[in-house]
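Commentary on secondary and tertiary structure
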Amino acid sequence: QVQLVESGGGLVQAGDSLRLSCAASGRTFSSYGAGWFRQAPGKAREFVATISWNGGSTWYADSVKGRFTISRDNTKNTVDLQMNSLKPEDTAVYYCAASRRTTVVVTSFHYNYWGQGTQVTVSS
């Protein structure tokens, strides 16, 4: 069993940066793929970024490519999302997720564990 807890959300202005962190419990997390998703009000949850079990592979949604960076530290059981050049359209609840698949995973269906989410609000 894996439990995920996100932190680092908040209210920022357009152009600012924010770093989200996801802390995982469970010794198996280091062998899982991980990812970040987000859900804006009235919209479906969407994929943001994913990272393989060892950090060797990453993949990003086109909307965040070049601005967001996903990373992980398996010694600390954490997965971070560095968000730069934030835009108002990045406003959403951000969710961390873990998949028993070891590779990058872009579809929410293949994730087995989810955090409760952290709110990110970007003002214009």
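Refer to the structure above for everything that follows.
These lines cover the structure that appears in this document, whether it is placed above or below. Treat the numbers as computed from the prediction; the structure is a model and nothing was measured. (Residues numbered from 1 in each chain as written. Predicted model: local features only at pLDDT ≥ 70, side-chain atom pairs only at ≥ 80, totals over all residues. Heavy atoms only, no water.)

1. Some details on the sheet that holds strand 7 (residues 68-73)
Pairing is antiparallel in the open sheet, where 4 strands are placed in the order 1-3-8-7. The outermost strands of the open sheet, each flanked by one partner alone, are strand 1 (3-7) and strand 7. If you compare each strand with its neighbour and ignore which way they point, the axes differ by 15° on average. Bridging between strand 7 and strand 8 (residues 78-83) involves 6 bridges; their strand directions are antiparallel. Residue pairing for strand 8: serine 71 is matched across the bridge by aspartate 80. (Pairing = 2+ DSSP bridges. Helix = DSSP H or I, 4+ residues; strand = E, 2+ residues; numbered from the N terminus. Axes fitted to C-alpha atoms, helices over the stretch in contact; angles between N-to-C directions.)

2. Quick look at a nonpolar patch on the surface
A cluster of nonpolar residues, Trp59, Val104 and Val106, forms a patch on the protein surface that exposes about 260 Å² of accessible area. Assignment of secondary structure puts valine 104 in the loop between strand 9 (92-99) and strand 10 (113-114). (Patch = residues over 30% accessible without salt bridge, like charges linked within 9 Å, V, L, I, M, F, W, Y side chains within 5 Å. Areas by Shrake-Rupley, 256 points an atom, 1.4 Å probe, with all protein chains shown as cover. Salt bridge = Lys/Arg side-chain N within 4 Å of Asp/Glu carboxyl O.)

3. Focus: the state of the cysteines
Tallied over the full model, the rule gives 1 disulfide. For cysteine 22, the disulfide goes to cysteine 96, at an S-S distance of 2.1 Å. Judged by the sign of its S-S torsion, about -80°, the cystine formed by cysteine 22 and cysteine 96 is left-handed. Taken together, the residues cysteine 22 in strand 3 (residues 18-25) and cysteine 96 in strand 9 connect sequence positions 74 residues apart. Cysteine 96 carries the same exposure label as cysteine 22, and that label is buried. (Disulfide = S-S within 2.5 Å. Buried < 20%, exposed > 50% of the residue type's maximum accessible area, 1.4 Å probe, protein only.)

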